[in-house]
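# Commentary on secondary and tertiary structure
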Amino acid sequence: MSSILLTDQLTKSFGKIQAVRQLSFEVKKGQVFGILGPNGSGKTTTLSMLLDLVPPDKGGFSWFGESPSRESRKRIGSVIESPNFFPYLDAVCNLRIVADIKDKGYDDIPGVLRLTGLYERRNSKFRTFSFGMRQRLALASALLGDPEVLILDEPTNGLDPQGIAQIREIIALVASKGTTILLASHLLDEVQKICTDVLVLNKGKMLFSGEVREVLAVSDSIEISAEDMPALKNAVSQFEGFSSLTEADGTLQVHFKGPVSAMEINTFMFSKGIVLNRLSERKRSLEQHFLELLRENV
Amino acid sequence: MIKLLKIEWKKIRTYKVFWILLGLYFIFLSAGILLAEFMINSMVNNVNNRMPIPFPHIAIYYFPDVWQNVAFFASIRYVLIFPAIIMIILITNEFTFKTIRQSIINGMSKIEFLISKLIIILLMALVITTLIAAGTFMIGLGHSGFNDIALLSKGVPFMTGFFISLICYMIYAFFIGFILRNTGLAIAIFTLYSLIIEPVVYFFLRAPFIFRNTIYTYLPVNAVIRLTEYPAIPTLKKLMGLDLQPHVSLASCFIPIGYAAIMICIVFIVMRKKDI
């Protein structure tokens, strides 16, 4: 997979506040890369730097293996914060201005308007649009000229459930075409549903980065039970990485210091001569993991 | 260049505020120029009522003086403020609607953005000057007939002078709009300064016995307006002892051009350094 974006020690302060601290990460072609963090964690600042809106204090980044330029920005479609258009111009005219800036033709305009469900309203002035429609027009403008990368900053922020579903549907469609997506969100659920990879950011610092699948696969608690419960308790406490256990309703909830697979436990118990009649992994949701990461780094 | 012009044209083509203000500007301007002679002569009549020897009536629309007179009336601050306000609105809109930010995100360079606004200033000044020159030619033709190419002699320097006034004044407006980023605030401050603060300062600086220097010629708005200092009315000259301006002096052009150049430099530096 070729590298789309590479950042190196990106750092930015606003006065005394360190918005982003030495952030290094890589986004590869085809990834749906989520930047996850609570409000004020530096997500928007990071994206602003990547789009040359805010100069970094230190560090740098490259797009498509080249140093950033307006040519590289033309290959990127982005929706940052609020949709910015001329209120007195209609949807088509606003998109034409965007197409002119990006050096793209107008042929894509009907297509992106249909994709975002705005074709019927193409001749309405932007100021008459509802919030959801504005957000979709921003997405339409980002999709003009078939960009290689789509940058989305809180794309569903402030939308009603229907609006959220519409936006996510469009993102999923675009991702399925192989477009690389960089998405910032404070919603775990969103990242979990849309992204393939995730970077967790808090107070400008990277806490974690990896595949969403990997994050979800981590399990550090297991439920077990057997005929001989005292022997089971005794055996499990000898397991390497054992941390604590709680007993409830005839099952043991066992916590470990690191990730443990069901297979390892089963093999271990078997060697101790204990036959388990119940064994289930308790996968942590991304949310738990996220909250734990935040807690660890307070 | 063409691309930037295409983009800017889309922004103003259906923008009602732009066309209404431009229309008002031309109505004010035409009314001012066409009523100027009538108003001057009604003052003359008023004076004549109390004078034993009547002054002759004044004519301002004949060649070649009409060029100078129109250039003078067109650069009166109350009229010149219109294109300036248009410029303030066009630049502050970009901040209000955050479209400047979006343009950069979409791949326009910051320099390109500024150049696109400077192109609009240049083009507006060119169109307005051309229309006024054409109108002046018609007025002159209607009042004195055209039989000699020499009658255009004053046209080129005075219309060029007006063109420079217009460009510089719109650059001042662009500067204020760019720095303040807020439409209402920028219009208020610009209008207040142009129409009230500077005339008051000018009045005190020119007051005899206080300042015996020409510092007042360096006031920015004044420098723009004084490019075409007085109308060419020989009778007034005799009456009031005014020196008639024979031509637009090159030296007087340097002051507003200097200010405009400094402002453009500041805008470029701010654009580079500041977050959008």
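The coordinates are above.
My aim in this report is to walk through the structure given alongside it, one point at a time. (Residues numbered from 1 in each chain as written. Chains lettered and ligands numbered in written order. Predicted model: local features only at pLDDT ≥ 70, side-chain atom pairs only at ≥ 80, totals over all residues. Heavy atoms only, no water.)

So, on to the overall build of chain A. A tally of regular secondary structure across chain A gives 11 helices and 14 strands. Dimensions of chain A, computed from the C-alpha atoms along their principal axes, are close to 75 × 45 × 35 Å. Put simply, chain A has 298 residues, and 50% of those count as buried. In chain A, 67% of the contacts between residues at least 6 apart in sequence involve partners at least 24 apart. When the accessible area of chain A is evaluated, it comes to approximately 13600 Å², of which 49% is carbon and sulfur surface. Of the side-chain charges in chain A, 35 are positive and 36 negative, and the distance between the mean point of each set is 6 Å. (Helix = DSSP H or I, 4+ residues; strand = E, 2+ residues; numbered from the N terminus. Buried < 20%, exposed > 50% of the residue type's maximum accessible area, 1.4 Å probe, protein only. Contact = heavy atoms within 4.5 Å. Areas by Shrake-Rupley, 256 points an atom, 1.4 Å probe, with all protein chains shown as cover. Lys, Arg positive; Asp, Glu negative; His and termini not counted. Charge placed at Lys NZ, Arg CZ, Asp CG, Glu CD.)

Counting its regular elements, chain B contains 11 helices and zero strands. Seen in sequence order, chain B has helices and strands lined up from the N terminus as α-α-α-α-α-α-α-α-α-α-α. Along the first, second and third principal axes, the C-alpha set of chain B runs to 75 × 50 × 30 Å. When burial is assessed residue by residue, chain B has 49% of its 276 residues classed as buried. Within chain B, contacts between residues at least 6 apart in sequence are counted, and of these 79% link residues at least 24 apart. Accessible area of chain B: about 13400 Å², with a carbon and sulfur share of 75%. Of the charged side chains in chain B, 22 are positive and 10 negative, and the gap between their average positions amounts to 9 Å.

We now examine the state of the cysteines. Within the structure shown, the criterion is met by zero disulfides over all chains. There is no disulfide at B:C168, and the cysteine sulfur nearest it, in B:C253, is 8.1 Å away. (Disulfide = S-S within 2.5 Å.)

Our next topic: the pairing of strand β10 (residues 205-211) of chain A. Residues and elements named next belong to chain A. Of the pairings in the sheet, the one linking strand β9 (residues 197-202) to β10 comprises six bridges and is antiparallel in character. Considered in β10, the bridge of L201 is made with M206. Between β9 and β10, which pair antiparallel and follow one another directly, the connecting turn spans two residues, one of which, K203, has a positive phi of 50 degrees. (Pairing = 2+ DSSP bridges.)

Another point: empty space enclosed by the protein. Within the structure shown, the criterion is met by three cavities of 30 Å³ or more. One number sums up the size of the largest cavity: a volume of about 100 Å³. In terms of lining, the largest cavity is formed by A:N84, A:F85, A:F86, A:N94, A:I97, A:V98, A:I101, B:K11, B:T99, B:Q102, B:S103 and B:N106. The set of elements that each furnish at least two residues to the lining of the largest cavity consists of α3 (91-101) of chain A together with α5 (99-105) of chain B. With four residues, α3(A) is the largest single contributor of residues to the lining of the largest cavity. Its residues assigned to classes, the lining of the largest cavity shows five nonpolar, six polar and one charged. (1 Å grid on protein atoms, 1.4 Å probe; cavity = no way out; pocket = protein on both sides within 12 Å on 5 of 7 lines; lining within 4 Å. Points joined across faces, edges and corners; volume = space filled by probe spheres on them. Nonpolar A, V, L, I, M, F, W, Y, C, P; charged D, E, K, R; others polar.)

Attention shifts here to the interface of chain B and chain A. Many structure descriptions define interface size as the accessible area lost when the parts assemble. At the junction of the two partners, chain B supplies 25 residues and chain A supplies 29 residues. When the buried surface of chain B facing chain A is broken down by residue, B:K10, B:I105 and B:N106 rank first, second and third, together holding 25% of it. At the junction of chain B and chain A, the tally comes to three salt bridges. Two residues, B:K10 and A:D100, come together in a salt bridge whose shortest N-O distance is 2.5 Å. For the pair chain B and chain A, the interface holds eight residue pairs in polar contact (both at pLDDT 80 or more). Contributing elements (two or more residues each) for the side of chain B that touches chain A: α1 (2-13), α4 (77-96), α5 and α6 (110-144) of chain B. With six residues, α5(B) is the largest single contributor of residues to the side of chain B that touches chain A. (Buried area = accessible area lost by both parts, 1.4 Å probe. Salt bridge = Lys/Arg side-chain N within 4 Å of Asp/Glu carboxyl O. Polar contact = N/O pair within 3.5 Å; in protein donor to acceptor, adjacent residues only side chain to side chain.)

Bringing the nonpolar core into the picture now. Core analysis: the biggest nonpolar cluster contains 115 residues, and A:W63 and A:L182 have the highest contact counts within it. Per-element accounting of this core gives the leading share, 16 residues, to helix α7 (residues 155-180) of chain B. The contact partners of A:L182, leaving out residues within four places of it in the chain, are A:L5, A:V27, A:F33, A:I35, A:L47, A:L50, A:W63, A:L150, A:I151 and A:L152. Counting 41 residues, the second-largest nonpolar core is a separate cluster that includes A:L95, A:M133, A:I171 and A:L188. (Core = buried A, V, L, I, M, F, W, Y, C linked by side-chain atoms within 4.5 Å.)

This part covers the pattern of salt bridges. The full count for this structure, using the stated rule, is 18 salt bridges over all chains. In this structure, A:E223 and A:R278 form a salt bridge, with 2.3 Å as the shortest nitrogen-oxygen distance. In this pair, A:E223 is assigned in strand β11 (residues 219-226) and A:R278 in strand β14 (residues 276-283), connecting sequence segments 55 residues apart. Judged by relative accessible area, which is 11%, A:E223 ranks as buried. Under the relative-accessibility criterion, A:R278 is labelled partly exposed at 36%. The network of salt bridges with common partners includes A:E71, A:K74, A:D103 and B:K3.

Tracing the sequence through the fold places A:P110 in helix α4 (residues 108-115). Taking relative accessible area as the criterion, A:P110 reaches 31% and is therefore assigned partly exposed.

Now for the packing of α7(B) against helix α8 (residues 183-206) of chain B. Residue and element names in this part refer to chain B. Taken N-terminus to C-terminus, the directions of α7 and α8 make an angle of 140 degrees; their axes are 9 Å apart at the nearest point. The angle between the axes of α7 and α8 places the two elements in the oblique class. At the point where α7 passes α8, the crossing takes the right-handed sense. Residues Y169, Y172, A173, I176, G177 and L180 of α7 lie in contact with α8, whose contacting residues are L185, A186, I189, F190 and S194. Broken down by class, the residue content of the contact of α7 with α8 amounts to nine nonpolar, two polar and no charged. (Axes fitted to C-alpha atoms, helices over the stretch in contact; angles between N-to-C directions. Parallel < 35°, antiparallel > 145°, perpendicular 65-115°, else oblique. Left-handed = near helix turned anticlockwise from the far one by under 90°.)

Moving on: the packing of helix α3 (residues 65-74) of chain B against α7(B). Residues and elements named next belong to chain B. With their axes 9 Å apart at the nearest point, α3 and α7 run at an angle of 10 degrees to one another. Between α3 and α7, the interaxial angle falls into the category roughly parallel. The segment α3 lies against α7, with W67, Q68, V70, A71 and A74 engaging G155, F158, M159 and F162. In terms of residue class, the contact of α3 with α7 is built from seven nonpolar, two polar and no charged.

On the surface, a nonpolar cluster with roughly 640 Å² of combined accessible area is contributed by B:L192, B:I196, B:I197, B:V200, B:V201, B:F203 and B:F204. Residue placement: B:I196 occurs in helix α8. (Patch = residues over 30% accessible without salt bridge, like charges linked within 9 Å, V, L, I, M, F, W, Y side chains within 5 Å.)

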